[in-house]
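# Structure assessment
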Amino acid sequence: MKKNEIAATGRRKESIAQVKMNLGKGNIIINGEDVNEYMPFATLVMDLKQPLVLTNTEKTFDFIIKVKGGGFKGQAGAIRLGITKCLLEYDKDADQTRDDAFRKILKIEGMITRDPRVKERKKYGLKKARKAPQFSKR
């Protein structure tokens, strides 16, 4: 790991994202591809860039991200949490009582908390977690 590089891990559903942040021009590379090529929908790109927009650091940092597991929505959530953790690590030495502190801004928007919802396990005698087979009277 480089001296000025900050690394963090984000998780959401079945997805795990390893995020590395450096000072740069705002490039985001996911699994060797540009973010706009990797993510199929612009809304997902907007979702994962949200911490950068809130802290006005869109053109300040470059990100190299490795993500695996889950679908695109879960991966976007995992990347967003990883980016948030990197920003918090970068701003940890600053005075946290001021209004433009990254932690204060991101906490209000709910970016710091990991979304704990995961798929419920399948139960025996059922088709899925809660779906029962069709009832037959005769």
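Residues numbered from 1 in each chain as written. Predicted model: local features only at pLDDT ≥ 70, side-chain atom pairs only at ≥ 80, totals over all residues. Heavy atoms only, no water.

## Some details on the sheet that holds strand E4 (residues 33–34)
Using the following cut-off: We call two strands paired when DSSP finds no fewer than two bridges between them. Put simply, DSSP H or I for four residues or longer makes a helix, DSSP E for two residues or longer makes a strand, and each gets a number counted from the N terminus. Any two residues whose heavy atoms approach within 4.5 Å are treated as being in contact. Only the contacting stretch of a helix is used when fitting its axis, a line to C-alpha atoms as for every element, and angles between N-to-C directions run 0 to 180 degrees.
The mixed open sheet is built from five strands, whose spatial order is E1-E2-E5-E3-E4. Each edge of the open sheet carries a strand with a single partner, namely strand E1 (6–12) and E4. Bridge count for strand E2 (residues 15–23) against strand E5 (residues 61–68) is eight bridges, and the pairing is antiparallel. Directly across from Leu 23, in E5, lies its bridge partner Phe 61. Those strands touched by helix H4 (residues 72–90) are E1, E2, strand E3 (28–30) and E5, and its axis lies near 145° from that of E1.

## Some thoughts on the environment of Ala 7
As for its placement among the helices and strands, Ala 7 is situated in strand E1. As for Ala 7 and Lys 25, which are separated by 18 residues in sequence, their C-alpha atoms are 18 Å apart.

## Description of the pattern of salt bridges
Stated formally: Think of a salt bridge as a Lys or Arg side-chain nitrogen and an Asp or Glu carboxyl oxygen that are within 4 Å of each other. The rule is simple: take the accessible area with a 1.4 Å probe, protein chains only, and divide by the maximum for that residue type; under 20% is buried, over 50% is exposed, in between is partly exposed.
Here the structure, examined in full by the defined rule, presents nine salt bridges. Among the ionic pairs, Arg 12 bridges to Asp 115, the shortest N-O distance being 3.4 Å. Here the residue Arg 12 occupies a position in strand E1, and Asp 115 occupies one in the segment after helix H5 (102–108), the gap between them amounting to 103 residues. Under the relative-accessibility criterion, Asp 115 is labelled partly exposed at 22%. Among the ionic pairs, Arg 80 bridges to Asp 47, the shortest N-O distance being 2.9 Å.

## Observations concerning the environment of Val 45
With respect to the helices and strands, the residue Val 45 is situated in helix H2 (residues 42–48). The class of Val 45 is buried, set by a relative accessible area of 7%. When the C-alpha atoms of Val 45 and Val 35 are compared, they prove to be 7.0 Å apart, with 10 residues separating the residues in sequence. If we skip the residues at most four places from it in the chain, Val 45 touches Val 35, Asn 36 and Met 39.

## A few points about the side chain of Arg 12
Overall, Arg 12 belongs to the buried group, its relative accessible area being 14%. If we ignore the near neighbours within four places in the chain, the residues touching Arg 12 are Gly 74, Gly 77, Ala 78, Arg 114, Asp 115 and Arg 117.

## A short note on the packing of aromatic side chains
To keep things clear, this is the line we draw: Here a Phe, Tyr or Trp ring, Trp counted by its six-membered ring, pairs with any other such ring whose centre lies within 6.5 Å, and the pair is stacked when the planes are under 30 degrees apart, edge-to-face when over 60, and tilted otherwise.
Enumeration over the complete set of coordinates arrives at two aromatic pairs. On the basis of an interplanar angle of 75° and a centroid distance of 5.8 Å, the ring pair of Tyr 38 and Phe 72 is categorised as edge-to-face. Taken together, the residues span a long stretch of sequence, with Tyr 38 in helix H1 (residues 35–38) and Phe 72 in helix H4 at a distance of 34 residues.

## Quick word on unusual backbone geometry
At Lys 13, a residue that is not glycine, the phi angle is positive and equals roughly 55°. In this fold, Lys 13 is placed in the loop between E1 and E2. Despite not being glycine, Asn 56 shows a phi value in the positive range, around 55°. Examined against the element boundaries, Asn 56 turns out to sit in the loop between helix H3 (50–54) and E5.

## Details of the nonpolar core
Condition: By convention a nonpolar core is built from buried Ala, Val, Leu, Ile, Met, Phe, Trp, Tyr and Cys residues, the set being connected through side-chain atoms within 4.5 Å.
Core analysis: the biggest nonpolar cluster contains 25 residues, and Ile 30, Met 39, Leu 48, Phe 63, Ile 65 and Ile 79 have the highest contact counts within it. Elements that contribute at least two residues to this core include exactly E1, E2, E3, H1, H2, E5 and H4. Top element by residues in this core is H4. It accounts for six residues. Contacts of Phe 63, omitting those with residues within four sequence positions, involve Val 19, Lys 20, Met 21, Asn 27, Ile 28, Ile 29, Leu 52 and Ile 83.

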